[in-house]
Amino acid sequence: MKVSFSNTAKYEGAVAVPVFLDNRHSKGADALDEATGGTISRAQKGSRFHGKDGQTIVINAPSGIAAQTVFLGGVGDRDAVGVLDWEAFGARALKSVQCSGAKTLVFDMRDLDAPASARAVFGAQLAAYRFDKYRTTLKDDKKPSITAVRVICSDSAAAKSAYAPLKETAEGVILARDLVSEPANVLHPESFAKKAQDLEEYGLEVQILDEKDMKKLGMNALLSVGQGSNYGSKLAVMSWFGAKDRKEAPLVLVGKGVCFDTGGISLKPGAGMWDMKGDMGGAAAVTGTMRALAGRKARANVIGIIGLVENMPDAAATRPGDIITSADGQTIEVQNTDAEGRLVLVDALWYGLRFKPKQIIDFATLTGAIIIALGHENAGVFSNDDALAGALDSAGKASGETVWRLPIGAGYDKLIDSKYADMKNIGGRGAGSITAAQFLHRYVGDTPWAHVDIAGTAWKDSSDDPREPVWATGYGVRLMDNFVSEQCEG
Ligand code: BES
Ligand code: ZN
Ligand code: ZN
């Protein structure tokens, strides 16, 4: 999507203007009303549109102007419009006219500040996302027509520079969505590792460990998950050194990259199993974040580590009851091969701790239980550090990718004690997301750590957030991009 900012008030294609509560017009709405001989005011009077946040009107073939479509987007009380409201405004506009035949979407933001303009475009870019690459029979009138976004604004230089880093964040979100959407015959541990390697193009340092390397390091927990697969398991390490001092302790991000989760020998039921192509959503969030940070040259040291495996039933697969020794020497009785994410994560966390991070945060589509607890509205956060949990909460509110903290503690920890080994990989029937977090907690010591369970937010069958597509959300990229800019770049 081509994006440009200028102060030339030229109408073409689809024109979008914001309207405030009680139908208070922005200057753009006033100008459009005048140019169309009062069409805007008439449309407002003839409907229940009052400029409330989220209300919209689309007017086709307006008279008096060269544009083919006009979009009015309510943004609520003028004094209370925040950046997320501007994103939603831009997203709704884009979604309303995406397949209308108009090629250009013009935002008239002439009396609004640079962040408002930049966020409207960011929202439009997120909303424009589709995963259509495998459709061969899409009818022409169902194909997106918008190829460019133009913003009318008073200070185009300021808007352009406010937008520049957001463009990189959007690219990171789009990358994460693409990774989650790709089927597992295309995106498997080996091809995912190559995609991570490709990010060297943006200035990231990327190292790929294969099974031989991991065997040497004793990473048997991770390896035990992939041993039934025809694809070799990988660990990809993506490093960005943007702080003044390359030696400054990094933030380490760890992602669960189970490219397909059949459940292994503890096989999942067939219905809905196809969604498990997205079980690498944690790895996608980390990869997308690294892409965004490198793209906008973040002034922080951040290392992204993703454990890439495929969990398959096979003669060579791990059996329930098998006991394995993870890289840090702790032993695990694998009672259920479908609780595989935690096995991948603990060895990846162990690898991350070798960088002596100031904080370590893992992302994983870890438990179905988190969907029972929180639905698709919030990711679950578990942490041994109140300040870190608080910072994630703030980043969630600021980015729109919200989190909700759940407890950990000794009472839950004992539920994963094993009769035969240091621990077992499942707890009882209750508190499934917490016992999973307790398992990870046994590996992180005193390092400030947070675990983000994104099983309910990495993909959704439907969403009323106009910035989100029908399935893969790219959850985690905006959250971590915001976290890094607020907490690490000072
Ligand atoms: N990948 C799943 C969790 C999941 C479920 C993600 C639904 C997204 C949507 C994970 O590996 C898993 O299978 N977890 C089990 C754990 C259980 C065996 C203790 C679960 O949640 O049922
Ligand atoms: Zn599983
Ligand atoms: Zn899984």
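Preceding this section is the structure that the text describes.
Counting restarts for each chain, with residues numbered from 1 along the sequence as it is written. Going through the entries in the order they are written, you letter the chains from A and number the ligands from 1. Restriction of local features to residues with pLDDT of at least 70 applies here, the model being predicted, together with a cutoff of 80 or more for giving and counting side-chain atom pairs; totals for whole chains, interfaces and linings are based on all residues. As a rule here, side-chain values come from all non-hydrogen atoms in the structure, and water together with hydrogens is ignored.

S.K.: Is there a simple way to explain the packing of helix α3 (residues 83–97) against helix α4 (residues 114–127) in this structure?
M.R.: The interhelical angle for the contact between α3 and α4, taken along N-to-C directions, is 45°, at an axis separation of 6 Å. Judged on the interaxial angle alone, α4 and α3 are oblique. As for how α3 packs across α4, the hand of that crossing is right-handed. In this structure, α3 contributes Val83, Trp86, Glu87, Phe89, Gly90, Ala91, Leu94 and Lys95 to the contact, and α4 contributes Ala116, Arg119, Ala120, Phe122, Gly123, Ala124 and Ala127. Charged residues are taken to be Asp, Glu, Lys and Arg, nonpolar residues to be Ala, Val, Leu, Ile, Met, Phe, Trp, Tyr, Cys and Pro, and polar residues to be all remaining types, Gly included. For the contact of α3 with α4, the residue count by class is 10 nonpolar, two polar and three charged. A fitted line through C-alpha atoms serves as each axis, taken over the contacting stretch for helices, and the angle formed by two N-to-C directions is quoted from 0 to 180°. Helix and strand definitions follow DSSP, with helices as H or I runs of at least four residues and strands as E runs of at least two, each counted in order from the N terminus. Our angle categories are set so that under 35 degrees counts as roughly parallel, over 145 as roughly antiparallel, 65 to 115 as roughly perpendicular, and the remainder as oblique. A crossing counts as left-handed when the near helix is turned anticlockwise from the far one by less than a right angle, and as right-handed when that turn is clockwise. By the convention used here, residues are in contact when the closest approach between their heavy atoms is within 4.5 Å.

S.K.: Sorry, what's going on with the coordination of the zinc ion (ligand 3) here?
M.R.: Six octahedral donors around a metal ideally subtend angles of 90 or 180 degrees, whereas four tetrahedral donors ideally subtend 109.5 degrees. In this analysis a donor is any N, O or S atom within 2.8 Å of a metal ion (3.2 Å for sodium, potassium and calcium), and since water is not included, sites may seem incomplete. Surrounding the zinc ion (ligand 3) are the protein donor atoms Lys256 (NZ), Asp261 (OD), Asp279 (OD) and Glu340 (OE), which sit 2.0 to 2.4 Å from the metal. Every geometry call rests on angle ranges, with four donors termed tetrahedral when all angles are between 85 and 135 degrees, four termed square planar and six termed octahedral when opposite donors are over 155 degrees apart and all others are between 65 and 115, and everything else termed irregular. For the zinc ion (ligand 3), the six donor atoms in the first shell make angles of 77 to 173° at the metal, so the coordination geometry reads as octahedral. Look at where the donors of the zinc ion (ligand 3) fall in the sequence and you get K-x4-D-x17-D-x60-E. If you look at the zinc ion (ligand 3) and the zinc ion (ligand 2), they sit 3.3 Å from each other and are both ligated by Asp261. Of this pair, Asp261 sits in strand β10 (residues 251–261) while Glu340 sits in the loop between β13 (331–333) and α10 (341–353), and the two are 79 residues apart along the sequence.

S.K.: Could you clarify how one ought to interpret the nonpolar core in this entry?
M.R.: Soluble globular proteins tend to pack their nonpolar side chains together in the buried interior. What we call a nonpolar core is a set of buried Ala, Val, Leu, Ile, Met, Phe, Trp, Tyr and Cys residues that are connected through their side-chain atoms within 4.5 Å. Exposure is judged per residue with a 1.4 Å probe applied to protein chains only, and the accessible area is read against the type maximum: over 50% gives exposed, under 20% gives buried, and values in between give partly exposed. Judged by nonpolar contacts, the single largest core of 93 residues is most densely connected at Leu105, Phe107, Ile361, Leu392 and Phe483. Taken domain by domain, the makeup of this core includes at least three residues from each of domain 1 (2–156) and domain 2 (169–487). Residue contacts for Leu392: discarding those within four places in its chain leaves Ile361, Val381, Val403, Ala450, Val452, Leu479, Met480 and Phe483. In terms of nonpolar packing, the next biggest core, distinct from the first, is built from 38 residues, Val258, Ile332, Leu345 and Ala364 among them. Domain borders in the structure are assigned automatically or taken from a domain database.

S.K.: I'm lost on the pattern of salt bridges in this one. Help?
M.R.: By definition, a salt bridge exists where a carboxyl oxygen of Asp or Glu is found within 4 Å of a side-chain nitrogen of Lys or Arg. Counting across every chain of the model gives 27 salt bridges. Note that Asp132 is salt-bridged to Arg130, the shortest N-O span being 2.8 Å. Accessibility expressed as a relative area gives 22% for Asp132, which makes it partly exposed. The salt bridge involving Asp417 is made with Arg442; its shortest N-O contact spans 2.6 Å. Here Asp417, found in the loop between α13 (410–413) and β17 (423–424), pairs with Arg442, found in the loop between α14 (432–441) and β18 (449–453); they are 25 residues apart in sequence, far enough to count as distant. Because the salt bridges share partners, they merge into one network encompassing Glu87, Arg119, Asp465 and Arg467.

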